[in-house]
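Coordinate inspection notes
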Amino acid sequence: MKRVAIIGGGFSGLSAACYLGRAGYDVTVYEKNSVLGGRARVLERDGFKFDMGPTFYWMPDIFEKFFNDFDKKSSDYYELIRLDPGYEIYFGPNNSVRVSADVKKTVETFENIEPGSGAFLENFLKSAEFNYRVAIDKVVEKPGKSIFELIMPQTIARVSQFKESISQHIRKNIKDDRLRQILEFPVLFLGAKPSRTPLFYCFMNYADMVLGTWHIKGGMYGLVEAMVKISEGYGVKFITDAHVNSIITEGSKAVGISWSNTSDSKEERNSVSEMADFIISSADYHFAETLLEPKFRNYSEKYWSKRVFAPSAMLYYVGFDKKLEGISHHTLFFDADFIEHSETIYDTPRWPNKPLFYGSFPSVTDPTLAPKGKECAVFLIPVAAGLKDTPELRENYFLQILERIEQTTGIKVSDSVLFKESYSVSNFMEDYHAYKGNAYGLSNILTQTAFLKPKMQNRHLSNLLYAGQLTVPGPGVPPAIISGKIAAGIARKKLKHG
Ligand SMILES: Cc1cc2nc3c(=O)[nH]c(=O)nc-3n(C[C@H](O)[C@H](O)[C@H](O)COP(=O)(O)OP(=O)(O)OC[C@H]3O[C@@H](n4cnc5c(N)ncnc54)[C@H](O)[C@@H]3O)c2cc1C
């Protein structure tokens, strides 16, 4: 039986493992951390449970399609709850808008705020739905080899949407600043400024307002556990605490990997070499290439230094000793200047003075995530990749967050903090080998889209592929799962033909 080694046990690696396991290969996943899930690990403390990474379960159809590929449904593994509101955005003290699970209500909300904007939203969402179908049904599973993958009647008809930015389009048609920001928010998941994101990506608005925001009962890690169960059913083996140190090559082939056990003390740590017929690295692309001799790498350091990276993040996992009455499960704090903040991420990387931030309070919906009468919260400030974080910065931003929650929502929180743990740029580097500590990979700007992303195929070693959020299709949990599927498909073809 041919052997496949997968480096990294995040969503893309798990997905590749499921598909290749099902195809009958002898698959082993090597994960440097002590648990699987990659950026979607869990932190548990004092009866609180925090999703350390993704919290928005968007595009449920993509997850369903994944499970269907294995003759399963998501409900075989976890319970999904549709959130209503999907989220709430605060623009200032007692000034917030809730985005309902019922799109008709959202249209009404728009119309009440700005006459005429309801009709605009309805048309915008129709166009967004068309784009969603094109993106998901025709483009997203393409391997990103050439521009021809994108050329089809549906995209030719929408070529103007690649020239205009989503921001230009929204700002031309909507005057109210709050509504503008609501419509610009979904593309922030693509890790770029709305002013640099093509209008075509409005399919994210369809995902947001029509397909909705969901929550896995028990937390996002339920998806990791489901994927591990599926792959184990096909005999996939997982080795955690397994730090891959190098990819072994012979001529124009990768023939194996060398790894060491990170749970052994440094003095006792031995390298183990294991052979493989095919290797997929789902670790961060830049790092994965450092496992090779320079002559085998696809890209130079200069190439990486010129890429536009999606943000890193300053994160806090907080236990509150009371319920925060009236807070929404997902709450965004946009009571700050978005343009000023985004300049600090993309134009002149620096720490922002007054950043926008996001709060997830999953125990509002799901009592399994916090002790009775208490609330768990995850706060996220998007910041430029590559910044140096310090304990003082972590403390100062946390105090600012508490103050702004009190100002905007009127809920007293500062005297109810049981504990907080922070996580930022340096942790991303250390825990995931993330280039400059990026959280979400590369920005999905036009020049880094589809066939312009770092290629899956290693140019020098025919049996080495890269998967994950730095290659196609891009950042986010659904794209990471698709990335693993694409890589598995290429690997299968190659393994079959020699
Ligand atoms: C804070 C945060 C919030 C997010 N929010 C959302 C959200 O709400 N919704 C959404 O859809 N997406 C969200 N995302 C994005 C999403 O989580 C990622 O795009 C996705 O999880 C990436 O998966 P991946 O497999 O590409 O990479 P990873 O999850 O990073 O997996 C790569 C794995 O490789 C391992 N590895 C690295 N080096 C080695 C080595 N030498 N040996 C062995 N293993 C190695 C790493 O430890 C890691 O486990 C968020 C991300 C972050 C960080």
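Residues numbered from 1 in each chain as written. Predicted model: local features only at pLDDT ≥ 70, side-chain atom pairs only at ≥ 80, totals over all residues.

Let us now look at the overall build of the protein chain. Scanning the protein chain from terminus to terminus reveals 16 helices and 19 strands. Against the compact-globule benchmark of 23 Å for 498 residues, the protein chain has a radius of gyration of 22 Å, which places it among compact chains. Projected onto its principal axes, the C-alpha positions of the protein chain cover 65 × 55 × 45 Å. Split into buried and exposed, the 498 residues of the protein chain put 49% on the buried side. Taking the intrachain contacts of the protein chain between residues at least 6 apart in sequence as the baseline, contacts between residues at least 24 apart amount to 72%. (Helix = DSSP H or I, 4+ residues; strand = E, 2+ residues; numbered from the N terminus. Rg over C-alpha atoms; globule rule 2.2 N^0.38 Å. Buried ≥ 20, exposed ≤ 12 C-beta atoms within 10 Å, placed from the backbone. Contact = placed C-beta atoms within 7 Å.)

Looking at the assigned domains, one finds that the protein chain contains domain 1 (3-71 + 219-306 + 445-496) and domain 2 (104-202). Each side of the interface is counted separately: domain 1 has 18 residues, and domain 2 has 19 residues. Taken together, the residues of the side of domain 1 that touches domain 2 break down into 12 nonpolar, 3 polar and 3 charged. (Domains from an automatic or database assignment. Nonpolar A, V, L, I, M, F, W, Y, C, P; charged D, E, K, R; others polar.)

Attention shifts here to the sheet that holds strand S11 (residues 253-261). Strand order across the open sheet formed by 3 strands is S10-S11-S12, with antiparallel pairing between neighbours. At either end of the open sheet lies a strand with only one pairing partner, and these are strand S10 (242-250) and strand S12 (271-275). On average, each strand axis in the sheet is tilted by 30° relative to the strand beside it, whichever way the strands run. Strand direction decides the pairing type here: S11 and S12, joined by 5 bridges, are antiparallel. If you follow Gly256 over to S12, its bridge partner there is Met275. (Pairing = 2+ DSSP bridges. Axes fitted to C-alpha atoms, helices over the stretch in contact; angles between N-to-C directions.)

On to the site of the ligand, then. By nearness alone, 37 residues border the ligand, and Gly8, Gly10, Gly38, Pro54 and Gly468 come closest of all. At the level of elements, helix H1 (11-22), S10, strand S14 (312-320) and helix H16 (477-496) are the ones that each hand at least two residues to the shell around the ligand. Along the lines of polarity and charge, the residues of the shell around the ligand split into 19 nonpolar, 15 polar and 3 charged. (Near = placed C-beta within 6 Å.)

Attention now moves to the environment of Pro479. Position of Pro479 relative to the elements: it lies in helix H16. Its 25 C-beta neighbours within 10 Å are what place Pro479 among the buried residues. Contact partners of Pro479, with chain neighbours within four places excluded, come to Gln469, Pro473 and Gly474.

What follows deals with the nonpolar core. Counting 150 residues, the largest nonpolar core has Val4 and Ile6 as the members making the most contacts within it. Taken domain by domain, the makeup of this core includes at least three residues from each of domain 1 (3-71 + 219-306 + 445-496) and domain 2 (104-202). Aside from chain neighbours lying at most four places away, what touches Ile6 is Gly13, Ala16, Ala17, Val27, Val29, Tyr30, Ile280 and Ser282. (Core = buried A, V, L, I, M, F, W, Y, C linked by C-beta atoms within 7 Å.)

Strands sit in the order S7-S6-S15-S16-S17-S14-S18 across an open sheet of 7 strands; the sheet is mixed. On the outer flanks of this sheet lie strand S7 (95-99) and strand S18 (417-423), each paired with one strand and no other. With strand direction ignored, the average angle separating the axes of adjacent strands in the sheet is 20°. Note that strand S15 (residues 330-333) and strand S16 (residues 357-360) share 4 bridges and pair antiparallel. Bridge pairing in S16 links His330 to Ser360.

Let us look at the pairing of strand S13 (residues 278-281). Neither face of S13 is exposed, since Phe278 and Ile280 on one face and Ile279 and Ser281 on the opposite face are all buried. For strand S1 (residues 3-7) and S13, the ladder comprises 4 bridges, and the chain directions are parallel. By the bridge assignment for S13, Ile7 is matched with Ser281. Where S13 and strand S19 (residues 464-466) come together, 3 bridges link them in parallel fashion. Pairing of Ile280 across the sheet is with Leu465, part of S19.

A few words now on the packing of helix H3 (residues 103-113) against helix H4 (residues 117-139). Where H3 contacts H4, the axes come no closer than 7 Å and their chain directions differ by 140°. If you check the angle between H3 and H4, you find them oblique. Two secondary-structure elements touch here, H3 through Val103, Val107, Glu108, Phe110, Glu111 and Ile113 and H4 through Ser117, Gly118, Leu121, Glu122 and Leu125. Taken together, the residues that form the contact of H3 with H4 break down as 6 nonpolar, 2 polar and 3 charged. (Parallel < 35°, antiparallel > 145°, perpendicular 65-115°, else oblique.)

Where helix H7 (residues 166-173) contacts helix H8 (residues 177-184), the two axes come as close as 10 Å, and the packing angle between them is 150°. Judged on the interaxial angle alone, H8 and H7 are roughly antiparallel. Considering only the axes of H7 and H8, their crossing is right-handed. For the pair formed by H7 and H8, the contact residues are Ile166, Ser167, Ile170 and Arg171 on the first element and Arg180, Leu183 and Glu184 on the second. Taken together, the residues that form the contact of H7 with H8 break down as 3 nonpolar, 1 polar and 3 charged. (Left-handed = near helix turned anticlockwise from the far one by under 90°.)

Moving on to the environment of Thr240. Within the element layout of this structure, Thr240 appears in the loop between strand S9 (237-239) and S10. Remark: the alpha-carbon pair of Thr240 and Tyr285, spanning 45 residues in sequence, is separated by 20 Å. If sequence neighbours within four positions are ignored, Thr240 has contacts with Glu31, Asn33, Ser34, Val35 and Leu36.

Right, let's get into helix H10 (residues 221-233). In an α-helix there are 3.6 residues to a turn, and that puts residues three or four apart on one side. Here H10 is 13 residues long and its end C-alpha atoms lie 18 Å apart, about the 18 Å a rise of 1.5 Å per residue gives. Taken together, the buried positions of H10 are occupied by Tyr221, Leu223, Val224, Ala226, Met227, Ile230 and Ser231. Considering only its buried residues, H10 is in contact with H1, strand S3 (42-45), strand S4 (48-51) and strand S8 (214-216). Following H10 by one or two positions, Gly235 adopts a phi angle in the positive range, close to 85°. (Expected span 1.5 Å × (residues − 1).)

Here the focus is helix H13 (residues 338-346). Along H13, the positions that sit buried rather than exposed are His341, Ser342, Ile345 and Tyr346. The arc enclosing the buried residues of H13, seen along the axis, measures out at 120°, which places them on a common side. Those residues of H13 that are buried are in contact with strand S17 (375-383). (Arc of directions from axis to C-beta.)

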